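Observations on the three-dimensional arrangement
Here is how the chains run, residue by residue.
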Amino acid sequence: MNKPFILNLLSVVWLGLCLGACSPYTDQPIRSGEIWPDDRGEHINAHGGGVLYHDNTFYWFGEHKGERSSSAFVGVTCYSSKDLVNWKYEGVALSVSDDPESDITRGCTLERPKVIYNAKTGKFVMWFHLELKGKGYSAARAAVAVSDNVTGPYTYLGSGRVNPGIMAENITAEDFAWLDSLEEPLESWTPEWLEAVARGLYFKRDFEGGQMSRDMTLYVDDDGKAYHVYSSEENLTLNIAELSDDYLSHSGRYVRVAPAGHNEAPALFKRNGTYWMITSGCTGWDPNAARMFSAPSIFGPWTQHPNPCKGDQADITYGGQSTYILPVPGKKDLYIFMADIWRPRHPIDARYIWLPIQFEEDGTPFLEWMDEWNIKDYR
Ligand code: DGJ
């Protein structure tokens with residue numbers, strides 16, 4: 001045997017050994033619905049959250065929930081992990097403010113925070129759904145914060161409705177003219193009203209001031225472009241809006257998705273060039289059947305598929321509501337569907353569902369309940 005051949009053989013063996021031994025994942029299973037203690041032994045308090053993978057570490061950001069109230073009295077929490085099972089509490093990444101004049105004053109509603117990393121600026125950018133204290137869900141604002149450090153502290157930059165005075169790419173002047181021609185106010189939930197909603201009844205109403213933004217997620221594509229996906233138009237229509245290069249504002253390019261479809265809790269992933277989005281219906285804190293959409297491009301066209309959940313309690317997403325989909329690094333086909341089991345009477349006790357997304361032969365994703373499963377079992 002010649003020397004180069006032996007050297008090559010050794011490096012292949014070494015790589016193989018390393019891939020086995022260096023895998024960060026553990027034998028400990030993921031058990032949805034149970035108490036998930038952090039490194040202090042306290043149930044993880046990061047609801048409506050998402051996970052950022054940065055420098056070989058996972059960072060989970062979510063809403064801190066209290067014993068009795070779902071309002072924000074603490075802020076956005078952060079936990080870190082190497083294996084997605086053992087989580088270290090990293091503290092409050094974005095704190096609510098003691099200033100009663102601040103948008104994020106203690107007692108506001110701060111939901112579904114997501115953090116992404118901007119490789120061009122080196123900054124970590126957090127977006128979340130903000131409702132002003134004492135104003136119910138009427139503000140419907142998107143809010144942004146930034147930090148030089150992944151775990152924070154994050155500095156609140158501002159909030160507002162989205163893309164004021166800017167047309168979505170898939171609504172037309174004819175739609176606006178048709179809406180102008182409607183003479184009587186329409187009765188809600190009639191076919192005529194649904195058609196008007198689909199053609200932009202609330203979009204047009206909010207056009208000058210900007211579109212409403214409630215349940216939301218962020219998605220960063222392979223080319224580094226980031227997108228803000230949110231329930232708009234009184235939760236009746238989703239928007240997918242491109243962010244600016246620094247991720248701190250909107251670029252002005254956006255589309256309406258599933259108009260009049262009444263979707264919340266969007267979560268996105270891409271597999272083999274197809275974008276998939278799982279959402280929920282709108283039933284407050286109560287679970288409902290998940291919905292699923294796919295598209296060949298982030299801007300659509302988006303096609304609706306049947307509920308991706310199978311088996312017992314598929315009609316209520318096993319008691320949960322989607323929040324994020326995490327592609328697991330080093331695992332070719334492992335995407336974790338993350339959902340919240342809300343407990344509105346005891347919000348701090350809300351639980352988490354994490355399930356591996358499975359795929360039909362034709363590539364269509366589906367979900368099945370698993371009492372426990374192990375990341376190590378996936379290649
Ligand atoms: C459902 C949303 O998905 C949650 O984030 C929260 O806003 C509740 N509704 C409030 O009822």
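Quick caveat: nothing in here was measured; it's all calculated off a predicted structure. (Residues numbered from 1 in each chain as written. Predicted model: local features only at pLDDT ≥ 70, side-chain atom pairs only at ≥ 80, totals over all residues. Heavy atoms only, no water.)

**Concerning the overall build of the chain**
Heads up, the rule is: Helix and strand assignments follow DSSP, with helices taken as H or I runs no shorter than four residues and strands as E runs no shorter than two, numbered in order from the N terminus. Radius of gyration here is computed from C-alpha atoms only, and the compact-globule reference equals 2.2 Å multiplied by the residue count raised to the power 0.38. Categorising residues by exposure relies on relative accessible area from a 1.4 Å probe, with only protein chains included: less than 20% of the type maximum marks a residue as buried, more than 50% marks it as exposed, and the intermediate range marks it as partly exposed. Working rule for contacts: check all heavy atoms of both residues, and any pair within 4.5 Å makes them a contact. All accessible areas in this document rest on Shrake-Rupley with a 1.4 Å probe, and a residue is counted as covered only by the protein chains that are shown. Positive charge is attributed to Lys and Arg, negative charge to Asp and Glu, and no charge count is given to His or to the chain ends. Where a charge lies is defined by one atom per residue type, namely NZ (Lys), CZ (Arg), CG (Asp) and CD (Glu).
When helices and strands are tallied, the chain shows four helices and 22 strands. By the compact-globule yardstick of 21 Å for 379 residues, the chain fits well, its C-alpha radius of gyration being 22 Å. Within the chain, buried positions represent 53% of all 379 residues. In the chain, 52% of the contacts between residues at least 6 apart in sequence involve partners at least 24 apart. Surface accessibility of the chain: about 17100 Å² in total, with carbon and sulfur atoms responsible for 52%. For the chain, the distance from the average position of its 34 positive side-chain charges to the average position of its 51 negative side-chain charges is 5 Å.

**With respect to the sheet that holds strand 9 (residues 216–220)**
Operational definition: Strands qualify as paired when DSSP identifies two bridges or more between them. Only the contacting stretch of a helix is used when fitting its axis, a line to C-alpha atoms as for every element, and angles between N-to-C directions run 0 to 180 degrees.
Spatially, 9-10-11-12 is the arrangement adopted by the four strands of the open sheet, whose pairing is antiparallel. Whereas interior strands pair on both sides, the edge strands pair on one side only; in this sheet they are strand 9 and strand 12 (250–257). The average undirected angle you get between the axes of adjacent strands in this sheet is 25°. The sheet contact formed by strand 11 (residues 237–243) and strand 12 spans five bridges and is antiparallel. Among the inter-strand pairings, Ala-241 is bridged to a residue of strand 12, identified as Tyr-254.

**Let's talk about the confidence of the model for the chain**
Here is the rule we go by: The score called pLDDT rates the predictor's confidence residue by residue, from a low of 0 to a high of 100.
Per-residue confidence for the chain averages 95 on the pLDDT scale, and 94% of its residues sit at or above 70. Scored below 50 in pLDDT, residues 9–20 shows two contacts in the model against residues more than four places distant or in partner chains.

**Remarks on the pairing of strand 22 (residues 365–368)**
Relative to strand 22, strand 17 (residues 309–310) runs parallel, the two being bridged by two bridges. Paired with Cys-309 across the bridge in strand 22 is Leu-367. The pairing of strand 21 (residues 358–359) with strand 22 spans two bridges and is antiparallel. Looking at strand 22, one finds that Gln-358 is bridged to Phe-366. Remark: five residues form the turn of the hairpin made by strand 21 and strand 22, two consecutive strands paired antiparallel; Gly-363 in that turn has positive phi of roughly 95°.

**Describing the site of the ligand**
What counts, and what does not: Definition of nearness: a residue and a molecule or strand are near each other if at least one heavy atom of the residue lies within 4 Å of the molecule or strand. Residues adjacent in sequence count toward polar contacts only when both atoms are side-chain atoms; beyond that, a polar contact is any pair of N or O atoms within 3.5 Å, and within protein one must be able to donate a hydrogen and the other to accept it. By the convention adopted, Pro, Cys, Tyr, Trp, Phe, Met, Ile, Leu, Val and Ala count as nonpolar, Lys, Arg, Asp and Glu as charged, and the other residues, Gly among them, as polar.
Around the ligand sit Glu-111, Arg-112, Tyr-137, Asp-215, Glu-264, Gly-284, Trp-285 and Gln-321, and those are all the residues in its vicinity. Interatomic distance of 3.5 Å between a side-chain N/O atom of Glu-264 and an oxygen atom of the ligand. A distance of 3.3 Å separates a nitrogen atom of the ligand from a polar atom in the backbone of Gly-284. Calculation on the ligand without its partners gives an accessible area of 300 Å², and the protein chains cover 90% of this total. Classifying every residue of the shell around the ligand by side-chain character gives two nonpolar, two polar and four charged.

**Points about unusual backbone geometry**
Of note, the amide linkage connecting Gly-152 to Pro-153 takes the cis form, showing an omega dihedral of 5°. With respect to the secondary-structure elements, Pro-153 resides in the loop between strand 7 (141–147) and strand 8 (155–160). Of note, the bond from Gly-300 into Pro-301 is cis; its omega dihedral lies within 30 degrees of zero at 0°. Take Pro-301: it is sitting in the loop between strand 15 (291–295) and strand 16 (303–305). With a phi close to 65°, Ala-260 is a non-glycine residue in the positive phi region. One can find Ala-260 in the loop between strand 12 and strand 13 (264–271).

**Quick word on the state of the cysteines**
This is how it is decided: Defined by distance alone, a disulfide is two cysteine sulfur atoms within 2.5 Å.
Under the criterion given, the structure shown has zero disulfides. Sulfur of Cys-282: no disulfide; nearest cysteine sulfur belongs to Cys-309 and is 16 Å away.

**Remarks on the sheet that holds strand 20 (residues 351–356)**
Pairing in this open sheet of three strands is antiparallel, and the strands run 18-19-20 from one edge to the other. The open sheet has two edge strands with one neighbour each: strand 18 (321–327) and strand 20. The sheet shows a mean angle of 25° between the axes of neighbouring strands, taken without regard to direction.

**What to know about the pattern of salt bridges**
Pairing between side chains of opposite charge can happen when their charged atoms approach one another. Rules: Throughout this description, the term salt bridge denotes a Lys or Arg side-chain nitrogen within 4 Å of a carboxyl oxygen of Asp or Glu.
Evaluated as defined, the whole model comprises 25 salt bridges. The partner of Asp-38 in a salt bridge is Arg-40, and the shortest N-O contact between them spans 2.7 Å. For Arg-40, a relative accessible area of 40% corresponds to the partly exposed category. Its salt-bridge partner being Asp-221, residue Lys-270 comes within 2.8 Å of it at the nearest N-O pair. With Lys-270 in strand 13 and Asp-221 in the loop between strand 9 and strand 10 (226–232), this pair connects stretches of sequence that are 49 residues apart. Per residue, the accessibility class of Lys-270 equals that of Asp-221, and both read buried. Linked through salt bridges whose partners overlap, the residues forming this network are Glu-131, Arg-161, Arg-205, Asp-206, Arg-214 and Glu-234.

**Details of the packing of aromatic side chains**
For clarity, the cut-off: Between 30 and 60 degrees the pair is tilted, below 30 it is stacked and above 60 it is edge-to-face, where a pair is any two Phe, Tyr or Trp rings, Trp via its six-membered ring, whose centres lie within 6.5 Å. A ring is considered to have a charge above it if a Lys NZ or an Arg CZ atom is located within 6 Å of its centre and within 35 degrees of its normal.
One pass over the structure, following the stated rule, counts 27 aromatic pairs. Considering the side-chain rings of Trp-373 and Tyr-378, the 5.7 Å spacing of their centres and the 85° angle between planes classify their relative orientation as edge-to-face. The residue whose ring lies beneath Arg-271 is Phe-359, and the NZ or CZ to ring-centre distance is 3.6 Å. Against the face of Phe-366 rests Lys-310, its NZ or CZ located 4.0 Å from the ring centre.

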